[in-house]
Amino acid sequence: MIELDFNNILYAVLGPVHSISDGELNNTIANNAHICAEIQEERQQGKHPWMDLAERGIEDILGLARSKAKRWENFLVLGIGGSALGTRTLLEALKPPFYNLLPAKERNGYPRLFVLDNIDSDETQALFKLINPQKTLFNVVSKSGETTETIASLLITLKLLKKHLGKKYTQNLIVTTDKDNGFLRRLVNKEGYLSFETPKGVEGRYSVLSPVALLPAAFIGIDIKRLLQGASILDQYIQKTAADKNPAYISALINFIFDTQKHKNILVIMPYSVKLKAFAEWFRQLYPESLGKRYNIDNKEVFAGPTVLNALGVTDQHSQIQLYNEGPNNKLIVFIEVEKDKDDMVIPASVKDDSALFLAGHSLHQLMLAEKSATEYALVKSRRPNYTIRLKELSEETIGALLYFWQLNTVYAGKLYRVNPYGQPGVDAGKRATFGLMGRKGFEKEIADISDTLTKDKHWIMRI
Ligand code: PA5
């Protein structure tokens, strides 16, 4: 289902300095193997609840989607960060490109799916003009139930719904939030909205296999059972596999070594598939928000974590690749390749000139894979380390496995960096400051601190 090719990080391929030798890698794998067992043990103690999401019942989601999905013209998610990126990943990876532009028949009667994860007036107004609120099911998603951006979008939505639907407006709203805590749960209890629970102890960026993203996915006809099966197959494989054959552990280790010992503190994720563009954005949240930590588990200041860049093959071969090839050798590049494209298209012989004719008869996917190999070759020539994750195809199973793979990789990496991969104090600081600036009661201290911190010297404010 998934294949990993680590050859292009090895001394034998890259020569010295920017590589790792077989021996060095094998030793490091053996020396750190204990972390795999440690994580399994912690899992039994309930310390990694996201790992069991694939085994949880989803009948409630399936039942609702089965009976209600096709009644709606639009399904609109209001959420941000981990409450939005998983949904977008599933939509883009498992539905055709431009899905929302397809006529209803080609969507098999399923609604269009929009994700509003910003508070930009232009976008919000444009989207709300585009949809008919009466024919739209709004899904407000927030684990904390308190996130400012999501609540702001909800307030706008509620006004719109009440205006168009009067008392019946509650039928157009589903809330996904914590079972007990937060403003959204209190609102659900008071107003009686239909609601789903975010799993306890699972933060947004680890919640893609929960109602957070499964509900919107089921509403557009994605087979979420198969998605979970893919995750589960990967999980079971890892559980019975020794550390030296565990690709999630080994890739976490490689990322860690290159960041901390080989001066490659930028990790580039570069899928060669337009349908994985949102996946790369999901990953760009997962790794940095989990590993980017000031303190390690011993409370020592470490400022850990690689910087993640997302790029897209082949588009970024004509932009970022110049830097990756000839700029500072400070990156480790992870390609994602899809072996088979079931909708592959043959390039026709539309002209007789040899300068174009060489392409005729090949398929676009062949060209895509050739360009990926060409990039790999150019990078290796310039001694730039890279490795490839190869998916057999894009399907619910492979996407489920890929998402699980990277979440597991992140937790292994947390052990290697000795940081807690959960929690996000750096994000929370901004959330609290926003509460202060927007006048929320109880956050007055934040306002005073902000004006003390952000002092302004007029000399350094330049006007044109
Ligand atoms: O991974 C995380 O926990 C965060 O990125 C959150 O998903 C994000 O901040 C949104 O939080 P919430 O779901 O509480 O609205």
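Residues numbered from 1 in each chain as written. Predicted model: local features only at pLDDT ≥ 70, side-chain atom pairs only at ≥ 80, totals over all residues. Heavy atoms only, no water.

Draft legend 1. View of the overall build of the protein chain. What the protein chain contains, in helices and strands, is 18 helices and 10 strands. For 464 residues, the compact-globule estimate of 2.2 N^0.38 gives 23 Å, and the C-alpha radius of gyration of the protein chain, at 24 Å, lies within 12% of that figure. Considering only C-alpha atoms, the protein chain reaches an extent of 70 × 60 × 60 Å along its principal axes. Looking at the 464 residues of the protein chain, the share that counts as buried comes to 52%. Taking as baseline every contact in the protein chain between residues at least 6 positions apart, the subset at least 24 positions apart corresponds to 76%. A total accessible area of about 22900 Å² is found for the protein chain, and carbon and sulfur atoms account for 54% of it. (Helix = DSSP H or I, 4+ residues; strand = E, 2+ residues; numbered from the N terminus. Rg over C-alpha atoms; globule rule 2.2 N^0.38 Å. Buried < 20%, exposed > 50% of the residue type's maximum accessible area, 1.4 Å probe, protein only. Contact = heavy atoms within 4.5 Å. Areas by Shrake-Rupley, 256 points an atom, 1.4 Å probe, with all protein chains shown as cover.)

Draft legend 2. Layout of the side chain of histidine 48. Its location among the elements puts histidine 48 in the loop between α3 (34-44) and α4 (59-68). When its relative accessible area of 4% is taken as the criterion, histidine 48 is described as buried. Polar side-chain contacts of histidine 48 include one of 2.6 Å to the side chain of tyrosine 422. With near-sequence residues (within four places) excluded, histidine 48 lies in contact with Ile39, Glu42, Arg43, Val411 and Tyr422. (Polar contact = N/O pair within 3.5 Å; in protein donor to acceptor, adjacent residues only side chain to side chain.)

Draft legend 3. Fine view of the sheet that holds strand β7 (residues 266-271). A sheet is described by the order of its strands in space; here 5 strands give the open sequence β1-β10-β9-β7-β8, paired in mixed fashion. Edge positions in the sheet fall to β1 (2-5) and β8 (307-310), since each of these pairs with one other strand and no more. Strand after strand, the sheet turns through a mean of 20 degrees between neighbouring axes, direction not considered. The pairing of strand β9 (residues 331-338) with strand β10 (residues 386-391) spans 6 bridges and is parallel. The partner of phenylalanine 335 across the bridge, within β10, is threonine 388. Packing against the sheet, helix α16 (residues 396-417) makes contact with β1, β7, β9 and β10, and its axis sits at approximately 145 degrees to β10. (Pairing = 2+ DSSP bridges. Axes fitted to C-alpha atoms, helices over the stretch in contact; angles between N-to-C directions.)

Draft legend 4. Structural context of the packing of helix α5 (residues 85-94) against helix α12 (residues 277-291). Orientation of α5 relative to α12, taken along the N-to-C sense of each, is 155 degrees, at an axis distance of 7 Å. Between α5 and α12, the interaxial angle falls into the category roughly antiparallel. Considering how the two elements wind past one another, α5 and α12 form a crossing that is left-handed. Counted together, Leu85, Gly86, Arg88, Thr89 and Glu92 of α5 and Lys277, Ala278, Phe279, Glu281, Trp282 and Gln285 of α12 form the full contact between these two elements. Of the residues contributing to the contact of α5 with α12, the split by class is 4 nonpolar, 3 polar and 4 charged. (Parallel < 35°, antiparallel > 145°, perpendicular 65-115°, else oblique. Left-handed = near helix turned anticlockwise from the far one by under 90°. Nonpolar A, V, L, I, M, F, W, Y, C, P; charged D, E, K, R; others polar.)

Draft legend 5. Focus on the domain arrangement of the protein chain. By domain assignment, the protein chain separates into domain 1 (2-33 + 242-414) and domain 2 (51-226). Inter-centroid distance (C-alpha atoms) of domain 1 to domain 2 is 31 Å. In this assembly, 24 residues from domain 1 lie in contact with 22 residues from domain 2. Counting each side, the surface lost to burial between domain 1 and domain 2 is near 2100 Å², with a carbon and sulfur contribution of 61%. Interface area lost by domain 1 to domain 2 is led by Lys275, Gln285 and Glu396, which between them contribute 30%. On inspection of domain 1 and its partner domain 2, the count reaches 3 salt bridges. Note that arginine 205 and glutamate 289 form a salt bridge whose closest N and O atoms lie 3.4 Å from each other. Viewed at the interface, domain 2 and domain 1 are joined by 9 residue pairs in polar contact (both at pLDDT 80 or more). Mapped onto the side of domain 1 that touches domain 2, the elements with two or more residues apiece are α12 and α16. Each residue belonging to the side of domain 1 that touches domain 2 can be placed in one class, and the counts come to 12 nonpolar, 5 polar and 7 charged. (Domains from an automatic or database assignment. Buried area = accessible area lost by both parts, 1.4 Å probe. Salt bridge = Lys/Arg side-chain N within 4 Å of Asp/Glu carboxyl O.)

Draft legend 6. Geometry of the sheet that holds strand β2 (residues 74-78). Taken together, the 5 strands give an open sheet; going across it, the order is β3-β2-β4-β5-β6, and neighbouring strands pair in parallel fashion. Sheet topology places β3 (112-116) and β6 (194-197) at the edges, where each strand pairs with a single neighbour. Adjacent strand axes in the sheet meet at a mean angle of 20 degrees when their direction is disregarded. The sheet strands contacting helix α6 (residues 121-130) are β2, β3 and β4 (136-142), and the helix crosses β3 at an angle near 160 degrees. Lying over the sheet, helix α7 (residues 148-165) contacts β2, β3, β4 and β5 (173-177), oriented at roughly 155 degrees with respect to β4.

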